[in-house]
Amino acid sequence: MNVRSQVSMVFHLDKCIGCHTCSIACKNVWTDRKGTEYMWWNNVETKPGTGYPTLWEDQERYKGGWERNGNGLKLRLQGKGRTLVNLFASPNLPTMDDYYEPWTYRYEDLFDSPEGDDQPTARPISLVDGQPIDIEAGPNWDDDLGGSPVYASNDPNLEELSAEEREDLNELERLVFFYLPRICNHCVNPSCVAACPAGAIYKRGEDGIVLLSQEKCKAWRMCISGCPYKKTFFNWSTGKSEKCVLCYPRVETGQAPACFHSCVGRIRYMGLLLYDADRITEAALVDDPDLVDAQRDMILDPYDPEVIEAAKANGITDAQIAAAQNSPVYKFVIEWGLALPLHPEFRTQPMLFYVPPMLPVLGAMQKAGYDVEGSSEDGEMPQFSTQERSRIPIKYMASLFTAGNTEIVAEVYRKMFAVRVHMRAKKVGDVPQAKLEEALSLGATTPDEAEAIYRLTALPTPDERYVLPPMTRETAVESLVDPFTRKQEAGFGFSQAPERRW
C-alpha cells in the first residue's frame, strides 16, 4: 500500500448560480498579464453546450487523455516516435478560434473624435496584432444559451440520446439548463504530465497539486493537446505554457484558493483524500462503466489503522491525516456517494468531483395554472418530479460524470431526492410517513444521513467547507534543498541566476 495525500475538491452544481465571480477572482489574481488575456483557469460553462474551448470534450478531435492498450495505458495523443516528429508542429492543438481572439477597445476614439451628429464609439481591436476585429466568440459566449441549436445541439454528450430525447431537450432547454464550473482537476493520473517531453509539468508529492515549471517549458505545447479538459494554456507573449496552480501559496498555509474563497453560491468544498498510488494503473484499466467505482476503491479510509500507519511511513503528518478524516470531500465522494468525477473515461482520474444538479420540476400551463407532471389532484408532493420525467435525461448526466453508467447517476438522484423529501417532511410536514420511508429506502439512506447531507449542503461554515492543514512545504523541500541557505532572502524571481552568454 503506497498511501499518498491529495488535495481534492467538490463542486455542488445544484448551488451554482452562474455568476462567474470565481472566474473573475482567478483572472484578477493570476491571468491579468500580457499573453494571458484569453486564459481562464476557472471558467463556468452552460450545459448543454459546447464549452470552452469549443468542443473540448471531443477527443477524436483533440486526442487528450489516455486509452487502453492491451494490459496498459497509452496516451491518445501519440507515442514516443510521434512525439519526436511533432515537437515543432502539434496537429491537435485548439486554434485561437476555438478560444477567442483577445481584444480591447480603442477608447481614445471616445475623446478624440471630431464633433458631429453621431455618438462616437470605441471600436474593438485585437490584443494580438492591434487591428480592428469583429468579435465572434468569448470565454462564456454561449452562457445561458442551453436551447440554442448553435451550441446545445453540438454538445458531444448528446450522442447517446435518442431522437425523442434530443427533441425534448431542444424544446425544453430554452428555459432550463445548468452551469458547470471548471478548473484544473489536478488528476491522479495526469496525461498532461506524461505528454510533456521536457518534463516541465509535475505532480507534487506532498499534496498532489499539478504545476508547470516556467524554467523547463520549451513551448512544445503537447501538454495542451494531452490534457483532455483543455486546462493548460499557451502564453503567446512569453512562449511558455501556464495552468491553474490551485493557489498553492494559499493552500500551503491552510487557506482556500481565490475562486473557492470568492464563491457566492458556496458550491465549493476542499479537503484531503488519501489514496493508494499502487492501484492507479489498475483503476484506470477497467471498463468504462466501472471507472467510477474503481476510482472510489482507490481512495482509502482515513480511519483505518493500517492506512494511517502506511500514511505516516510515507511522511504524511498527523495534521494531514486528521484533515483527511474531517474532509468534506471524503463525505461527498465516499461516505455518501454523491459526488462524481467529470468524464472518467479520459482515465486521468480527476480529483475534482461534482454533485449533479437536481433536475427541475416538469409541468405545463393549463387552465390559467401551473400543473406539475405526475402530481395528484389532492396536491400530494407536487414539488417533485420523477427521474423518468426529468428535463435533462439521466443518459446526459451519465455521459458527463460516469462514462455512461446510468445506474450510478440514478443512485445519486435517489439519495438527493430522499434528502429533499426528508427535509420537506421535517420543515413543512405535508409528506405522508409512508412516502418518506419509501423515499429513504429508495435512496439507501437514513434520516440522520439525510440531515447531515442537508447541513453540509445548505448550512456549511467556511471551516466545514475547507479543511486544509498547513502542508508543511518547508519539510518536503528539505529532501531536495537546504531552505536555510535562502532564509535571509526575499522578493521575486528565479531561485537560480540566469545563464549569461558573454
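Residues numbered from 1 in each chain as written. Predicted model: local features only at pLDDT ≥ 70, side-chain atom pairs only at ≥ 80, totals over all residues. Heavy atoms only, no water.

## A short note on the overall build of the protein
For the protein, the count of helices and strands is 20 helices and 16 strands. In the protein, of all internal contacts separated by at least 6 residues, the share reaching a separation of at least 24 is 71%. By element, 51% of the accessible surface of the protein is carried by carbon and sulfur atoms, the whole surface being about 24400 Å². (Helix = DSSP H or I, 4+ residues; strand = E, 2+ residues; numbered from the N terminus. Contact = heavy atoms within 4.5 Å. Areas by Shrake-Rupley, 256 points an atom, 1.4 Å probe, with all protein chains shown as cover.)

## A short note on the sheet that holds strand S14 (residues 352-355)
With mixed pairing, four strands are arranged side by side in an open sheet as S12-S1-S14-S13. One side of each edge strand has no neighbouring strand; the edge strands of this open sheet are strand S12 (268-276) and strand S13 (340-341). Across the sheet, helix H14 (residues 328-335) is in contact with strand S1 (3-12), S12 and S14; its angle to S12 comes to roughly 65°. (Pairing = 2+ DSSP bridges. Axes fitted to C-alpha atoms, helices over the stretch in contact; angles between N-to-C directions.)

## Notes on the nonpolar core
Val10, Leu246, Phe260, Met270, Phe332, Phe353 and Phe401 are the most contacted members of the largest nonpolar core, which totals 118 residues. For this core, the element with the highest residue contribution is helix H16 (residues 406-427), accounting for 10 residues. Ignoring sequence-local partners within four residues, the contact set of Leu246 consists of Val7, Met9, Ile183, His186, Ile209, Val251, Pro257, Phe260 and Met270. Membership of the second largest hydrophobic core comes to six residues, among which are Trp66, Leu75, Leu77 and Ala195. (Core = buried A, V, L, I, M, F, W, Y, C linked by side-chain atoms within 4.5 Å. Buried < 20%, exposed > 50% of the residue type's maximum accessible area, 1.4 Å probe, protein only.)

## With respect to the packing of aromatic side chains
Using the criterion set out here, one finds 18 aromatic pairs in the structure. Here Phe11 and Tyr354 contribute two aromatic rings whose centre-to-centre distance is 5.7 Å and whose plane-to-plane angle is 90°, an arrangement assigned as edge-to-face. Pair noted here: Phe11 is in strand S1 and Tyr354 is in strand S14, with a separation of 343 residues, a long-range link. The burial state of Phe11 is the same as that of Tyr354; both residues are buried. With 5.8 Å between their ring centres and 35° between their planes, Tyr354 and Phe401 make a pair best called tilted. In this pair, Tyr354 sits in strand S14 while Phe401 sits in helix H15 (residues 394-401), placing the two residues 47 residues apart along the sequence. For Tyr354, a relative accessible area of 0% gives the class buried. Through a chain of ring-to-ring contacts, three or more aromatic side chains come together here, namely Tyr38, Tyr52, Tyr99, Tyr100, Trp103 and Phe233. If you follow Lys27 out to its NZ or CZ, it ends over the ring of Trp40, 4.5 Å from the centre. A cation sits over an aromatic face here: Arg182 above Trp56, 3.8 Å from the ring centre. (Phe/Tyr/Trp six-rings, centres within 6.5 Å; stacked < 30°, edge-to-face > 60°. Lys NZ or Arg CZ within 6 Å of the ring centre and 35° of its normal.)

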